[in-house]
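Each chain is listed here by its residues.
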Amino acid sequence: MTQRRAGRGPSRAAVREGQLRRARSIELPTSCDVAVVGGGASGLCAAIAAAEADARVVVLERDLECGRTILATGNGRCNFSTVELGADRYNDPAFVSAALGETPLDDILAFFRESGLRWSLEGPRLYPVSRQASSVRSVLLRRARKAGVTLAPARTVVSLEPGPDGFSLALSTEGEEAVSGLLARRVVLAMGGGALDLPRHLGLEVTPTSRALCPVDCEDSPVLGLDGRRDQAAVSLVHGHFPCWRERGEVLFRDYGLSGIVVFDLSRRVQPGDAVTIDLAPDVARSELQGLVDPFAHGTFEEGCLDGILDPAIARLLERLARERWDAGFELPGREDPPRSDSEALVRLVSGLPLRVTGVHQGGPAQVTRGGIATSQVDPRTMGVRGMRGLFACGEALDVDGDCGGYNLSWAWKSGLVAGSNAAERTR
C-alpha cells in the first residue's frame with residue numbers, strides 16, 4: 001500500500017518506489033532496429049523520428065522516468081526554442097550550421113505542432129502556452145508511445161559492443177542484480193550530463209566535461225555585499241587588456257560573484273583571471289548620467305542622485321566607493337588615469353563596475369554540461385559517427401553547447417530528429 005503523510009500526498013520515497021516498480025514491469029525485446037541510449041530531449045526526438053520511419057525502437061534511460069530533465073528547463077517553464085535561432089550562438093558554428101540545415105526553426109516548430117503543442121512568444125523566446133515544461137515532456141512521451149517506442153527507464157547500459165550485424169548491449173536495471181542483453185542494428189547515443197564512459201569504451205575522442213550556463217565566482221570585492229540585488233545591465237568581458245564580448249540582461253549579485261541569464265552566457269566564455277565590467281545604466285547616455293550626478297560640474301554629487309535609475313541599495317554602495325576612490329586593483333582599457341573628482345568616479349562605477357572572475361561557480365546545478373564526443377568524428381548531415389557503422393550521436397552527447405534562450409533545447413530537438421531518421425534509414 002502506498003504510504004501517505006497526514007494531509008499530504010505520497011511521500012517522496014513512496015513515489016520513487018512506484019516509479020521503480022513501473023520501470024521494472026516494462027518488458028524489453030531481445031532485439032530492435034534502433035536503441036537510443038538516453039531518454040532526454042534529444043533521445044526522445046531521435047526515438048520518435050526512427051519509430052515513425054517504421055523502425056522498432058527502444059529507449060534506454062538510467063533515470064526512473066524518461067524526459068525528466070526537460071522538467072527543469074527554463075525554471076520549469078521550458079523556453080524550448082527561439083526565433084533568433086542561429087549557429088553563431090554555439091561553440092562550434094560550422095558543425096551546428098551543417099546539422100541544423102537551412103530551416104531549423106521551421107523544422108522544430110513543425111515537429112511540435114504535429115505533436116499537439118502550442119506556443120507563444122516572450123521577446124524572441126518560445127514557450128508552451130501553458131508555461132509548463134511538463135506540457136512539452138507530455139506531448140513527446142505521448143507521441144513516442146503512439147509511434148510504438150518502448151520506453152525503458154531505470155536501465156543503465158553497462159557495455160556496448162559493435163558486431164557484424166549491429167551492437168550488443170548489456171543492461172542493468174536499478175535494484176536488480178541480473179544483467180540483460182539487447183541486440184540493436186543501430187544505436188543512437190543521446191545521453192547527457194557528462195556520461196561519456198560508453199564513447200570512451202568505443203575508442204571515440206571525447207572533450208572533457210565542464211559546467212556552463214551557471215553563475216561565476218569573483219575575487220573578494222565590496223560589490224559582493226550586494227547579495228540578492230538585481231539590475232538590468234550590460235556585461236562586458238575583458239580578456240587580457242581587450243574587450244571581447246558584451247551582452248545585456250539581468251545581473252544578480254551574489255556573495256560569491258554574479259548570476260543571472262547574461263552571466264550564464266558569460267560563463268561559456270570567461271576564463272579565470274578575466275575581468276568583467278557591468279554597465280548598470282546601459283540605456284542612459286554618458287552625458288545624461290553626468291548631468292544627473294553633477295549637473296553644475298562641481299566635481300561632487302548629492303546622495304540619492306541616482307535613485308531614479310538604480311536600486312537605491314546599489315546606488316548607496318557606489319556613492320561610498322566613489323568618495324573613497326575605490327580601486328578594483330587591476331587595470332581596464334581606457335582607465336589608465338585615476339578619476340579627477342568624486343562625480344567622475346561615480347560615473348565610472350555606474351558605467352563600468354569592475355570585477356575579476358576566478359572561475360565558474362561549482363555550487364548548485366549548471367544548465368548545460370560542456371564537452372562530449374568530438375564533432376570532428378561525426379557527420380553533421382546524418383549525425384553518424386565516422387568509421388563506426390550504425391552508430392549515431394546527438395544532443396549533449398556531442399561537444400556542442402549554446403547560449404541561454406532556447407538554443408540548447410533547439411540543438412537537442414533538431415540533432416535528435418536528424419540522428420533518429422538516419423538511424424532508421426540505415427536499418428533498411
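Cut-offs and rules
Position labels on residues start from 1 in each chain and follow its written sequence. Residue-level local features of this predicted model are given only where pLDDT is at least 70; pairs of side-chain atoms are given and counted only at 80 or more, and the full residue set underlies all totals for whole chains, interfaces and linings. In computing side-chain values, all of the structure's heavy atoms are included and hydrogens and water are not. The helix and strand labels rest on DSSP assignments: H or I over at least four residues marks a helix, E over at least two residues marks a strand, and numbering proceeds from the N terminus. Burial here depends on accessible area, computed with a 1.4 Å probe over protein chains only, as a share of the maximum for the residue type. Under 20% is buried, over 50% is exposed, and the range in between is partly exposed. Here, two residues are considered to be in contact whenever any of their heavy atoms come within 4.5 Å of each other. One bridge is not enough; two strands pair if DSSP finds at least two bridges between them. With axes taken as lines fitted to C-alpha atoms, and helix axes fitted only over the stretch in contact, angles between N-to-C directions fall between 0 and 180 degrees. Each angle is binned into one of four classes, with values under 35 degrees roughly parallel, values over 145 roughly antiparallel, values of 65 to 115 roughly perpendicular, and all other values oblique. Each residue is assigned to one of three groups, with Ala, Val, Leu, Ile, Met, Phe, Trp, Tyr, Cys and Pro labelled nonpolar, Asp, Glu, Lys and Arg labelled charged, and all others, Gly among them, labelled polar. By the criterion applied in these results, polar contacts are pairs of N or O atoms within 3.5 Å in which, for protein atoms, one can donate a hydrogen and the other can accept it, and in which residues neighboring in sequence qualify only through two side-chain atoms. Should a side-chain nitrogen of Lys or Arg be within 4 Å of a carboxyl oxygen of Asp or Glu, the pair is scored as a salt bridge. Where each domain begins and ends is defined by an automated method or by a domain database. Using a 1.4 Å probe, buried area is obtained as the accessible area two parts lose upon being combined, added over both of them. In this scheme, a helix's expected span is set at 1.5 Å multiplied by one less than its residue total. By definition, disulfides here are pairs of cysteine sulfur atoms that lie within 2.5 Å.

- The name given to the protein chain in an unreviewed UniProt entry is Aminoacetone oxidase family FAD-binding enzyme, with Olsenella porci as the source organism.

1. A closer look at the overall build of the protein chain
Point 1. In terms of helices and strands, the protein chain carries 11 helices and 20 strands.
Point 2. Based on the C-alpha atoms only, the size of the protein chain along its principal axes is roughly 85 × 55 × 40 Å.
Point 3. Within the protein chain, the proportion of its 428 residues that are buried is 53%.
Point 4. When contacts within the protein chain are restricted to residue pairs at least 6 apart in sequence, long-range pairs at least 24 apart make up 71% of them.

2. A short note on the sheet that holds strand E3 (residues 81-82)
By way of backbone hydrogen bonds, the strands of a sheet pair with one another, either parallel or antiparallel.
Point 1. Read from one edge to the other, the open sheet built from 3 strands follows the order E3-E5-E4, with strand pairing classed as antiparallel. Edge positions in the sheet fall to E3 and strand E4 (119-122), since each of these pairs with one other strand and no more.
Point 2. Where E3 meets strand E5 (residues 125-128), 2 bridges bridge the pair, whose relative direction is antiparallel. By the bridge assignment for E5, Thr-82 is matched with Arg-125.

3. Considerations on the packing of helix H4 (residues 104-115) against helix H11 (residues 407-425)
Point 1. Interaxial distance between H4 and H11 falls to 10 Å at its minimum, and their mutual angle equals 80°. With respect to H11, the element H4 is oriented roughly perpendicular. From H4, Pro-104, Asp-107, Ile-108, Phe-111 and Phe-112 reach across to H11, where they touch Ser-410, Trp-413, Lys-414 and Leu-417.
Point 2. Looking at the contact of H4 with H11 residue by residue, the classes come out as 6 nonpolar, 1 polar and 2 charged.

4. A look at the side chain of Ser-115
Point 1. In this fold, Ser-115 is placed in helix H4.
Point 2. At 2.8 Å, the side chain of Ser-115 and the backbone oxygen of Phe-111 are in polar contact.
Point 3. Aside from chain neighbours lying at most four places away, what touches Ser-115 is Val-139, Arg-142 and Arg-143.

5. Description of the pattern of salt bridges
Point 1. Under the defined criterion, the tally for this structure stands at 31 salt bridges.
Point 2. The partner of Asp-33 in a salt bridge is Arg-185, and the shortest N-O contact between them spans 3.7 Å. Placement of the pair is Asp-33 in strand E1 (residues 31-37) and Arg-185 in strand E9 (residues 179-189), with a sequence separation of 152 residues.
Point 3. By relative accessible area, Asp-33 is classed as buried at 8%.
Point 4. Each of Arg-89, Glu-247, Arg-268, Arg-269, Arg-370, Asp-401 and Asp-403 takes part in a single network of salt bridges with overlapping partners.

6. Comments concerning the domain arrangement of the protein chain
Point 1. The domains assigned to the protein chain are domain 1 (27-211 + 369-424) and domain 2 (216-360).
Point 2. Between the C-alpha centres of domain 1 and domain 2 there is a distance of 40 Å.
Point 3. Taken residue by residue, the interface counts 10 residues in domain 1 and 7 residues in domain 2.
Point 4. Buried area between domain 1 and domain 2, both sides added, is near 670 Å², and the carbon and sulfur share of it is 38%.
Point 5. Counting across the domain 1 and domain 2 interface gives 4 salt bridges.
Point 6. Counting every contact that joins domain 1 to domain 2 gives 6 residue pairs in polar contact (both at pLDDT 80 or more).
Point 7. Looking at the side of domain 1 that touches domain 2 residue by residue, the classes come out as 2 nonpolar, 2 polar and 6 charged.

7. What about the sheet that holds strand E14 (residues 257-259)?
Point 1. Strand order in the closed barrel formed by 6 strands is E11-E14-E13-E12-E15-E16, with antiparallel pairing between adjacent strands. Neighbour-to-neighbour, the strand axes of the sheet open up by a mean angle of 45°, direction not taken into account.
Point 2. Judged from the 5 bridges that link them, strand E12 (residues 230-239) and strand E15 (residues 275-279) form a sheet pairing that is antiparallel. What sits directly across from Leu-237, in E15, is Val-276.
Point 3. Against the sheet, helix H10 (residues 342-351) engages E15 and strand E16 (353-360), with an angle of about 105° to E15.

8. Brief notes about the pairing of E1
In regular strands, side chains alternate between the two faces of the sheet.
Point 1. Most of E1 is tucked away: 6 of the 7 residues are buried.
Point 2. Of the pairings in the sheet, the one linking E1 to E9 comprises 6 bridges and is parallel in character. Bridged to Ala-35 within E9 is Val-187.
Point 3. Sheet analysis places E1 next to strand E2 (residues 57-60), joined by 4 bridges and oriented parallel.

9. Considering helix H9 (residues 312-323)
Point 1. Here H9 spans 16 Å end to end across 12 residues, near enough to the 16 Å set by a 1.5 Å rise per residue.
Point 2. Buried residues of H9: Ile-314, Ala-315, Leu-317, Leu-318, Glu-319, Leu-321 and Ala-322, and no others.
Point 3. Here the buried face of H9 lies against E12, strand E13 (242-253), H10 and E16.
Point 4. Looking at where H9 begins, the residue whose side-chain oxygen comes 2.8 Å from the main-chain nitrogen of Ala-313 is Asp-311.
Point 5. Directly beyond the C-terminal end of H9, a positive phi value near 50° is found at Arg-325.

10. Focus on the state of the cysteines
Point 1. In this structure the tally under the stated criterion is 0 disulfides.
Point 2. Cys-214 supplies the cysteine sulfur nearest to Cys-218, a cysteine that is in no disulfide, at a spacing of 12 Å.
Point 3. Left without a disulfide partner, Cys-394 is nearest to the cysteine sulfur of Cys-45, which lies 8.6 Å away.

11. Overview of the environment of Val-96
Point 1. Looking at the element boundaries, Val-96 is found in helix H3 (residues 93-100).
Point 2. Residue Val-96 is classed as buried on the basis of its relative accessible area of 0%.
Point 3. Excluding residues that lie within four positions of it along the chain, Val-96 makes contacts with Ala-87, Tyr-90, Val-400 and Trp-411.

12. Topic: unusual backbone geometry
Glycine aside, a negative phi is what most residues show, and trans is what most peptide bonds show.
Point 1. Positive phi, close to 55°, is recorded for Ala-297, a residue that is not glycine.
Point 2. Positionally, Ala-297 belongs in the loop between helix H8 (286-293) and H9.
Point 3. The phi dihedral of Arg-325 is positive, around 50°, even though this residue is not glycine.
Point 4. Tracing the backbone through its elements, the reader meets Arg-325 in the loop between H9 and H10.

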